[in-house]
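Read off the chains here:
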Amino acid sequence: MKKVRSNIEKRRLVGVSVITLLSTISLLFFGFISPGKDKTTFGFVLNNEWVIIKEWVIASATGAKIFSLIAVVASIIAVLAFRANRKIVIPAAIATFGILMSFITWVASGKFIPFTGLLQGALLLAVPLIFGSMSGLICERSGVINIAIEGQLLASAFVSGVVASLTHKTIWGLIAAPIAGAAISFLLATFAIKFSVDQVILGFVLNVLVIGLTDFLYKKLLVPYQSTWNTAPTFGHIELPILAKIPVLGPIFFSQSIVVYLMFAIVATITFALFKTKWGLRTRAIGEHPTAADTVGIDVNKLRFKNVMIAGLIAGVGGAYYTVGSVGAFGKEMTAGAGFIALAALIFGKWSPIGAVFAALLFGFADNLQSTLTIIGVSIPSEFMLMVPYIATIIAVTGLVGRVRAPAADGVPYLRGGAH
Amino acid sequence: MSLELRGITKTFGSLTANDSINLRVETGQIHAILGENGAGKSTLMNIVYGLLNADSGEILVDEKLVDISEPIDALSAGIGMVHQHFMLIPVFTVAENIILGHEKSSKFGVIDIDAARLAIRKVSKDFGFEVDPDAIVESLPVGIQQKVEIIRALIYEAKVLILDEPTAVLTPQETDELLKTMRELKAKGTSIIFITHKLREVREVADQITIIRRGKVVAAVSPTTSEGELASMMVGRAVDLAPVKHKHQIGEPILVATNLTVRDAMGTAIVKSVNFHVNAGEVLAIAGVQGNGQSELARALINLESHIEGSIKLAGAEIRGSSIYDSLHSGIAFIPESRELDGLVGSFSIAENLILDLHDQQPYAKGINLSASTVLSEAEKRVTEFDIRLQSVSDAVSTLSGGNKQKVVIARELSRPVKVLVASQPTRGLDVGSIEFVHERILAERDQGRGVILFSTELDEVMALADRIAVMYRGEILEIVDSGVTRGELGLLMAGVVTKKASA
Amino acid sequence: MRNSLAKFLQAIKLPGLSFLMAFTLTGLIIAISDAKVIAKFSTPLEFIKSALAAIGNAYLALFQGAVYDVNLTKGHTFIHGFYPLSETIVIATPLILTGLSVALAFKAGLFNIGAQGQFIFGAIGASYVGFHFHLPIGIHILVAALVGAFFAAIWGGIVGLLKARTGAHEVILTIMMNYIASYFILWILKTQSFLRPGRIDPIAPEVNQSARLPLLAGANFRLNFGIFIALAAAVFVWWLLTKTTIGFKFRAVGANGQAAKTAGISVPFVITSTMMICGALAGLGGAVQVLGSTYSLNTDIAGSFGFDAITVALLGRAQPLGTVFAALLFGALHAGGRTMQSSTGVPLDIVLVTQALVVLFIAAPAFVRYIFRIKKLNASASLTSKGWNG
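Sequence order sets the numbering: in each chain, residues are counted from 1 along the sequence as written. Going through the entries in the order they are written, you letter the chains from A and number the ligands from 1. This being a predicted model, a pLDDT of at least 70 is required before a residue's local features are given, and a value of 80 or more before pairs of side-chain atoms are given or counted; all residues contribute to the totals for chains, interfaces and linings. Hydrogens and water are ignored here; the side-chain numbers use all heavy atoms of the structure.

Draft legend 1. Representation of the overall build of chain B. Each helix corresponds to a stretch of at least 4 residues labelled H or I by DSSP, and each strand to a stretch of at least 2 residues labelled E; elements are numbered beginning at the N terminus. Along its length, chain B carries 17 helices and 22 strands. Based on the C-alpha atoms only, the size of chain B along its principal axes is roughly 70 × 50 × 50 Å. Here's how the labels work: a residue is buried when its accessible area is under 20% of the maximum for its type, exposed when over 50%, partly exposed in between, all with a 1.4 Å probe on protein chains only. Scored against the burial criterion, the 504 residues of chain B give a buried share of 55%. Two residues form a contact once any of their heavy atoms are found within 4.5 Å. Across chain B, every contact between residues at least 6 apart in sequence was considered, and the portion connecting residues at least 24 apart equals 66%. Accessibility throughout is a Shrake-Rupley quantity obtained with a 1.4 Å probe, and a residue counts as covered only by protein chains that appear here. Taken as a whole, chain B presents about 20,100 Å² of accessible surface, with 50% of it coming from carbon and sulfur.

Set out below in structure tokens:
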């Protein structure tokens, strides 16, 4: 019988073909048709690492060729993997990396690329996204759609900024933030679970509510009484001994504020807890088939409520990153849609913690690359770089990179006995 | 362990689902609860299991009053249940499903999956089941999934086991196996409540039979009672179990399916290169246990499936690859498996549902304008013709009873010029009166010279209506046999055992 | 007669209570964020008095800024007092159109969060035709508005097509498309063809006189012909949904897509065409805003029209007439909010809070019943309640 491809396979095939095509174009265009005329310099030193890696200087055209070749080889492997019906994620990711690097080498011809700084900045931009996506993850794995991530982040950024300003202590800001996140979660949980309000509408309305409230209070209190209400102190960097001195990795991962270390801990804990513990098993169960969970004695709505509250706490820490974790003062609508990019990261990462983290890092990288290129004076329309997370998410949900399946009961209120 | 129910009453709005029901299950007894669809059996069992709470009444376990308001109370009282719709998480492994709700964890709250694997292997061995603890549930056949549910109840030491319509998804052979397992459990002292509407099984295995009709216990009888008596007690009047089928001339082939393959979204073949035809004036039944590709095949006949290969010829014209609209309008009437999900738009009025397929045709549509008055007047005609009981054709169709909903679907589908009627589980969930109506209607279509393809998992229905019977097993049609076939032969075919050459 | 009155009261009971709660809560926020009120905290009676005064002043200013301001008529004619009402209508005009876009999508079972992006494309199209071409009066307006609607229809149609072809959820798609649109307008305003001569900031040239919507009440009022376009669109949507076979298909797919499909209605057609019409409606909103109000395209052209549209459609229960009233109400809140901000110092942003609370309570009838201990009479259908997979 002849092999017939299903829709999903066809779409994966499109995905593989697109990557192969892009790799080839990248090789031809960056390497041959319009090669960079100058040398590209990559810098790796950020602080005072033990081993100072020397700058890496390469002719732009040669570098672009090398990276493009890597991409081409990886995409061929992806095609082979697709044919053998194996996973294509890793080769596809390598190919994407190759194309990106090739592009950077090409575009920064004659310029200096602070490579370690680029990555560190990407991580920092990803921090609130990761917190936000973890909040979304816990809610949606339990069967509650959370598009109020933006509201959670914004409310907790506001509260942590104000509390830290009033107390002059960063730690109080960090403690208050999760409480604010949980307060939004409380509204989400109450209306979604107890009163069965449509969760997309609810999340949307909560975002508007938080934007309205914070804008209002910002104008009413934070602007006129700035010296008392909006001068939050910030956490310093904590350099982990030894680790911080590792070249490249040190400055990126081990010389950060406490909020970033909290993030590492939370991601690790969630990944472990979701797949290995009783809580995780039950959480996944109520997100997939709540009736089945109910019949084995799990109180579905209680656990959902609890998880939505936990999610609020986590998003709250992410909110604190905006104020006490980085700049201190609260700014009007300072989260600027990060909650929605976090949602995008969650979906792009296929509702898995690790996937969401990588997606958030990718989005953070695109964002930071755009500003780095602007700083070093490369003129490309930065708007198109900023579109990357959104286009990537559309590609993900339309299935070009394989099947994306939300938890089966995501967004469906649980009422025992169904429609009586 | 004994279980006693005293005066259980439960109402939903104006409907009394259970009306002071008394019932006693002795230790080590198989107690069958027999009743029509909608009689209140499931409501009663959901009350015993704590999924619903009774308005009044008491539950006693071993003569002691117990308070069961949550499933966890039932579980700790030693009551286990195998649900009609399996309560398993499809994406979990068997072991994960079994420990869910009973997790034992070691340090850091890590669940102990190994203990679960051992327990599953042990119970499987005791009862001769073959269940892999690490298999993902959604990849298992329904028969095995049911065993997972039974294993779960046994591992948690259920002393009273409720089986809710357990044979609906099984082949006759699997049913026999299940009945055997039930006897073994009984021998080990487990009490079993066996809920069903299948008379034969009840008589075979039950020690005691309680019959429920419209929420009330109408009789408690012994298994020696005849099938006819059981049926009339269940329905409340004498019922004719087999509809009258007139002999008449069967015509030429009207629908011919050749090498028809249907695939799911992942590309797996669900229906594998089947060949069959139906003649004008003939009922071709497609029998088989649920989940062997019948649903997909039925849907494929009007191009409802996305991946169909092969050929479907209706009166000589190829219709595979046509739109659903064209398939319907070229002469196929389609009664879908689920009236609520696929047949009707619940919030639409009865009149609107009657023209779901014809709304953009004369006389309902003039250009893009929809004529509201014509829609209403035509609806009134249909309602009279099909004896649909309702208050007003403008009411939402969701206000109707199951039988009347099905009549709306049938009325709509027969309002087009029909060459072939495709009926997928047309009597599922209906009361006996409505079942009789549907059967008569199907035979009437046959007698008027239309081809009927009847998909049914109910062996009795198949044997009563069919002129020829095709049996599906794992996506293939094993054989097409004449209606003279015996139950035993059909049962073997449904289990995948081929005995003789195809007759048609 | 009495019966129908009782029915009417019954119908407006929950919405009425929702409004009451929303305005009460908003009032509380206004009061407790007022330093003068807080200063009187130690004397309860004075505290309550000043709190009520603060709320009263704010709401009075809101009313004066939204409907009729007696102060404006001093030295002017009576008509001038209605300047605020005209502003309410001017703000409501694009809101009606974007609200209809979201409402129509709801009816077809789709949640169109993308009105914002569609609005942007409508504005871009109308602006370009408006300043780049020279056409006769009337025709120029028509062409500009149609091009705007067309651009937006394509933008909305992309979502429809992607959903129809791949099953991707429209909420996610439209959220993403909004961001892409908002970066797109940032980019296009920097391009040579959209840069206003002599300016370096991102603002497009003003549209030609021939492309501007006629003013209805003289040069002192911004009130323009756009409101008639919006009302005509509302009538169109009502007619489409209730009187045509296309509307029948939309509603059938919205209520039960699976059954509609089984009965031969093409779900991909419905999804794609719904999203195109929704896009056109929102795009018309953008066009009306450019041609009737701002005359030139800028980065903030869409304001929050696309997002407010969702609250408008929800408040209007996805009915065309309800949407018109809801848009007028929110238009009034925004117009009045400006006056409130300037005369009482209560920031305009408080109206967002009111807006969110009204919709929250409207969307949660069970909550309102719970608060006021009202018994449930009959099941009311909710707008949409489905997950990512549905």
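Draft legend 2. Region of interest: the domain arrangement of chain B. Residue and element names in this part refer to chain B. If you check the domain split of chain B, you get domain 1 (3-235), domain 2 (242-331 + 418-504) and domain 3 (347-416). Here the limits of each domain have been adopted from an automatic or database domain assignment. Measuring from the centre of the C-alpha atoms in domain 2 to the corresponding centre in domain 3 gives 27 Å. The partner domain 3 presents 14 residues to the twelve residues of domain 2 that form the contact. When domain 2 packs against domain 3, close to 1,100 Å² is buried across both sides, 63% of that on carbon and sulfur atoms. Any carboxyl oxygen of Asp or Glu within 4 Å of a side-chain nitrogen of Lys or Arg constitutes a salt bridge here. Taken together, domain 2 and domain 3 are joined by zero salt bridges. Buried area adds together the accessible area that both of two parts lose upon being put together, with accessible area traced by a 1.4 Å probe.

Draft legend 3. Just the sheet that holds strand S5 (residues 64-66) of chain B, in detail. Residue and element names in this part refer to chain B. Taken in spatial order, the four strands line up as S2-S1-S4-S5 in an open sheet, and their pairing is antiparallel. A strand with exactly one partner marks an edge of an open sheet, and here the two such strands are strand S2 (15-25) and S5. Each strand axis lies, on average, 30 degrees off the axis of its neighbour in the sheet, ignoring direction. Pairing between strands requires that DSSP locate at least two bridges from one strand to the other. The pairing of strand S1 (residues 3-12) with strand S4 (residues 56-61) spans five bridges and is antiparallel. Note that in S4 the partner of leucine 3 across the bridge is valine 61. Strand contacts of helix H1 (residues 41-48): S1, S2 and S4, with the helix running at about 115 degrees to S1, the strand carrying the most contacts. Only C-alpha atoms enter the line fits that serve as axes; for helices the fit covers just the stretch in contact. Angles between N-to-C directions range over 0 to 180 degrees.

Draft legend 4. Structural view of the pairing of strand S1 (residues 39-43) of chain A. Residues and elements named next belong to chain A. Extensive coverage of S1 is indicated by the burial of four of its five residues. Of the strand pairs in this sheet, S1 and strand S2 (residues 56-59) are connected by four bridges, and their pairing is antiparallel. Counted as the bridge partner of lysine 39 is alanine 59 from S2. Where S1 lies against strand S3 (residues 112-114), three bridges are found, and the strand directions are parallel. Residue pairing in the sheet places threonine 41 in a bridge with phenylalanine 112 of S3.

Draft legend 5. Summary view of the packing of aromatic side chains. Note on aromatic contacts: the rings of Phe and Tyr and the six-membered ring of Trp form a pair at centre separations within 6.5 Å, being stacked when their planes are under 30 degrees apart, edge-to-face when over 60 apart, and tilted otherwise. Tallied over the full model, the rule gives 42 aromatic pairs over all chains. For the pair phenylalanine 119 of chain C and phenylalanine 305 of chain C, a centre-to-centre distance of 5.4 Å together with 25 degrees between the ring planes defines the contact as stacked. Residue phenylalanine 119 of chain C is found in helix H5 (residues 115-132), and its partner phenylalanine 305 of chain C is found in helix H11 (residues 305-315); the two are separated by 186 residues along the sequence. For the pair phenylalanine 119 of chain C and phenylalanine 305 of chain C, one class covers both residues: buried. One aromatic cluster in this structure is built from Phe191 and Phe195 of chain A together with Phe361, Phe367 and Tyr370 of chain C.

Draft legend 6. Local environment of the domain arrangement of chain C. We note that the domain assignment places domain 1 (1-66 + 346-390) and domain 2 (92-328) within chain C. A C-alpha centroid distance of 29 Å is found between domain 1 of chain C and domain 2 of chain C.

Draft legend 7. The arrangement of the packing of helix H4 (residues 83-107) of chain C against helix H12 (residues 320-344) of chain C in detail. Residue and element names in this part refer to chain C. Taken N-terminus to C-terminus, the directions of H4 and H12 make an angle of 140 degrees; their axes are 7 Å apart at the nearest point. The angle between H4 and H12 places the two elements in the oblique class. Helix-helix and strand crossings are classified by hand; for H4 and H12 the assignment is right-handed. Within the contact between the two elements, H4 uses Glu87, Thr88, Ile89, Ile91, Ala92, Leu95, Ile96, Gly99, Leu100 and Ala103 and H12 uses Pro320, Thr323, Val324, Ala327, Leu328, Phe330, Gly331, Ala332, His334, Ala335 and Arg338. Along the lines of polarity and charge, the residues of the contact of H4 with H12 split into 14 nonpolar, five polar and two charged. Should an angle fall under 35 degrees it is called roughly parallel, over 145 degrees roughly antiparallel, and 65 to 115 degrees roughly perpendicular, with every other angle called oblique. Left-handed describes a crossing whose near helix is turned anticlockwise from the far helix through less than a right angle; right-handed describes the clockwise counterpart. Note on residue classes: Ala, Val, Leu, Ile, Met, Phe, Trp, Tyr, Cys and Pro are nonpolar, Asp, Glu, Lys and Arg are charged, and everything else, Gly too, is polar.

Draft legend 8. Quick peek at the interface of chain C and chain B. Of the residues lining the interface, 18 residues belong to chain C; the matching set on chain B comes to 26 residues. Broken down residue by residue, the surface that chain C buries against chain B is led by Thr245, Phe248 and Thr262 of chain C, which jointly contribute 32%. Taken together, the connections running from chain C to chain B amount to two salt bridges. With its nearest N and O atoms 3.2 Å apart, the salt bridge here joins arginine 251 of chain C to glutamate 352 of chain B. In the analysis that follows, any N or O atom pair within 3.5 Å is treated as a polar contact, provided that within protein one partner can donate a hydrogen and the other can accept it, and provided that, for residues neighboring in sequence, both atoms belong to side chains. Viewed at the interface, chain B and chain C are joined by eleven residue pairs in polar contact (both at pLDDT 80 or more). Of all elements in the fold, only helix H8 (226-243) and helix H9 (245-262) of chain C reach the threshold of two or more residues within the side of chain C that touches chain B.

Draft legend 9. Fine view of helix H10 (residues 267-294) of chain C. All names here are of chain C. For a helix, the expected span equals 1.5 Å multiplied by the number of residues minus one. Under the 1.5 Å per step criterion, the end-to-end length of H10 is 39 Å for 28 residues, consistent within 8% with the ideal 40 Å. Of all 28 residues making up H10, 22 are buried, and the element is well covered by its neighbours. The N-capping residue of H10, defined by a side-chain oxygen 3.2 Å from the backbone nitrogen of phenylalanine 269, is serine 266. In the segment just after H10, tyrosine 295 is the residue with positive phi, at about 65 degrees.

Draft legend 10. Representation of the side chain of aspartate 467 of chain B in the model. Residue and element names in this part refer to chain B. When you line up the elements, aspartate 467 lands in the loop between helix H16 (459-465) and strand S21 (468-473). Polar side-chain contacts of aspartate 467 include one of 2.9 Å to the side chain of arginine 446. Once residues lying within four places of it in the same chain are set aside, the contact partners of aspartate 467 are Lys245, Ile250, Gly281, Glu282, Val283, Arg446, Asp482 and Ser483.

Draft legend 11. A look at unusual backbone geometry. The omega torsion of the bond from glutamine 362 of chain B to proline 363 of chain B falls at -5 degrees, within 30 degrees of zero and hence cis. The topology assignment puts proline 363 of chain B in the loop between helix H12 (350-354) and strand S17 (365-366). The backbone of tryptophan 351 of chain A shows a phi angle near 60 degrees, a positive value even though the residue is not glycine. Following the sequence through the fold, tryptophan 351 of chain A ends up in the loop between helix H14 (338-348) and helix H15 (353-375). A positive phi angle, close to 65 degrees, is found at alanine 318 of chain C, a residue other than glycine. Inspection of the secondary structure assignment puts alanine 318 of chain C in the loop between H11 and H12.

Draft legend 12. Expanded view of the interface of chain C and chain A. At the junction of the two partners, chain C supplies 52 residues and chain A supplies 50 residues. For the pairing of chain C and chain A, the buried interface totals around 4,500 Å² over both sides, and the portion due to carbon and sulfur atoms is 78%. Inspection of the chain C/chain A interface yields two salt bridges. Residue lysine 190 of chain C is joined to glutamate 383 of chain A by a salt bridge in which the shortest nitrogen-to-oxygen separation is 2.7 Å. The tally of links from chain C across to chain A stands at two residue pairs in polar contact (both at pLDDT 80 or more). At the level of secondary structure, the elements contributing two or more residues to the side of chain C that touches chain A comprise helix H1 (2-32), helix H6 (139-166), helix H7 (170-188), H11, helix H13 (350-363) and helix H14 (365-372) of chain C. Ranked by residue count, the leading element in the side of chain C that touches chain A is H7 of chain C, at twelve residues. Looking at the side of chain C that touches chain A residue by residue, the classes come out as 38 nonpolar, nine polar and five charged.

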